[in-house]
Amino acid sequence: MLRLTCPVCGATGEETEFHAGGEAHLKRFGPGSTDEDFRDYLFQRQNPRGVHFERWRHQYGCGKWFHVARCTQTLEVFGSYTAQTSTVPDHIQSAIKARRPDWEPAQ
Amino acid sequence: MFEPRTALQGAHFSGDITVTDAGLVGMIAIRGSLTDPALCAAVAEVTGHPVPATRKMSGDATDGLAWMSADELMLFCAYGDAPTVAARLVDALGDVHSMVSVLSDARAVIRLHGDVVREVLAKGAPVDLAPDQFAQGDIRRSRLGQVAVAFWMTGADSAELVCFRSVAGFVFEWLSTASQSGSAVGYFATPRR
Ligand SMILES: [Zn+2]
């Protein structure tokens, strides 16, 4: 079971109060992009064992989207943060580093 | 003209707690930026309630103003007053970017009363209902069973709950089932040995 805290309203609940929105920080490839880039944008996803970034929505609560950094192996949640960013904030990176010293942010 | 009726038509259940249709309740959704001082001033002036902080509520379903999200409030008032109160809100808000809509007939309000009211809610909502974590003045939007609800305490042994009208029957039956006589868990209300 995952226990998530919504950074918008501060409520903590288990995962059934939320809705998973898939991998976070995707770069959109739209009109004018190559077929390969568009295909990868639509279909290719990371599926790591370990540190992962996801979009979640506070479905039954305030209704807002946000980001979560968590471990897919242990379900440990490193932190949740605003949806209004395309990069992982420093304080989340630090929280991950504290628990997973070997982890390096993807480029 | 039609005659207003609630989804539950006065339903009442009595078990470990009582579950009761609250009857016709005026409900007005107010959307806009809750950090906008102009919006807060206009809402406070018309409703008589200060704009509540995150996950807080002023008053109750008889006369209350509830936080719903970072950009949404719910005003509770007398059913018959809702249209005029909404019109006054629209006037007071003026050019403030906002939306006011009367939702009285789109929602249902249920009153819960009894010693184990916290336990009954805790059976279906992923919410910490310990008295020091969820007190009068707090509101929580969450789920009960499989559907969206919002609830708040109105006293030590009473709570109110609002849900979509379309699921009112389900929620009523869910609460009745979860409070069948003899089904109390004894976690919050009964002293543990
Ligand atoms: Zn939230």
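A few points on the structure. Since the structure is predicted, the reported quantities are computational estimates derived from the model, not experimental observations. (Residues numbered from 1 in each chain as written. Chains lettered and ligands numbered in written order. Predicted model: local features only at pLDDT ≥ 70, side-chain atom pairs only at ≥ 80, totals over all residues. Heavy atoms only, no water.)

Before going further, it helps to spend a moment on the overall build of chain A. A tally of helices and strands in chain A yields two helices and six strands. Ordered by position from the N terminus, the helices and strands of chain A form the series β-β-β-α-β-β-β-α. Principal axes of the C-alpha set define a box for chain A whose edges measure 40 × 35 × 25 Å. Taking all 107 residues of chain A together, 35% fall into the buried category. Once local pairs closer than 6 in sequence are excluded, the contacts in chain A between residues at least 24 apart make up 44%. Only carbon and sulfur atoms are counted for the fraction: they give 47% of the accessible area of chain A, which is about 6600 Å². (Helix = DSSP H or I, 4+ residues; strand = E, 2+ residues; numbered from the N terminus. Buried < 20%, exposed > 50% of the residue type's maximum accessible area, 1.4 Å probe, protein only. Contact = heavy atoms within 4.5 Å. Areas by Shrake-Rupley, 256 points an atom, 1.4 Å probe, with all protein chains shown as cover.)

All names here are of chain B. Spatially, the five strands line up as an open sheet ordered S4-S5-S6-S3-S7, and their pairing is antiparallel. The open sheet has two edge strands with one neighbour each: strand S4 (57-59) and strand S7 (98-102). Each strand of the sheet is rotated relative to its neighbour by a mean of 20°, with strand direction disregarded. The pairing of strand S3 (residues 26-32) with S7 spans five bridges and is classified as antiparallel. By the bridge assignment for S7, Ile28 is matched with Val102. In the packing of helix H1 (residues 37-47) onto the sheet, the strands contacted are S3, strand S5 (64-69), strand S6 (72-77) and S7, and the crossing angle to S3 comes to about 165°. Across the face of the sheet, helix H2 (residues 82-93) comes into contact with S3, S6 and S7 while running at roughly 175° to S7. (Pairing = 2+ DSSP bridges. Axes fitted to C-alpha atoms, helices over the stretch in contact; angles between N-to-C directions.)

Around the zinc ion, the protein supplies Cys6 of chain A (SG), Cys9 of chain A (SG), His58 of chain A (ND1) and Cys62 of chain A (SG) as donor atoms, at distances of 2.1 to 2.5 Å. What the four donor atoms of the zinc ion show is an angle range of 99 to 115° at the metal, which sorts the shape as tetrahedral. (Donors = N, O, S within 2.8 Å, 3.2 Å for Na, K, Ca; no water. Tetrahedral: all angles 85-135°; square planar, octahedral: opposite > 155°, others 65-115°.)

Below, the discussion takes up H1 of chain B. All names here are of chain B. Those residues of H1 not exposed but buried are Leu39, Ala42, Val43, Val46 and Thr47. Relative to the axis of H1, the buried residues are bounded by an arc of 110° and lie together on one face. In H1, the exposed positions angled more than 90 degrees off the buried face are occupied by Pro37 and Glu45. Turning to H1, the residues buried within the fold contact S3, S5, S6, H2 and S7. Of the residues flanking the start of H1, the one acting as N-cap is Asp36, its side-chain oxygen 2.9 Å from the backbone nitrogen of Ala38. Once H1 ends, the next one or two residues include Gly48, with phi positive near 80°. (Arc of directions from axis to C-beta. Polar contact = N/O pair within 3.5 Å; in protein donor to acceptor, adjacent residues only side chain to side chain.)

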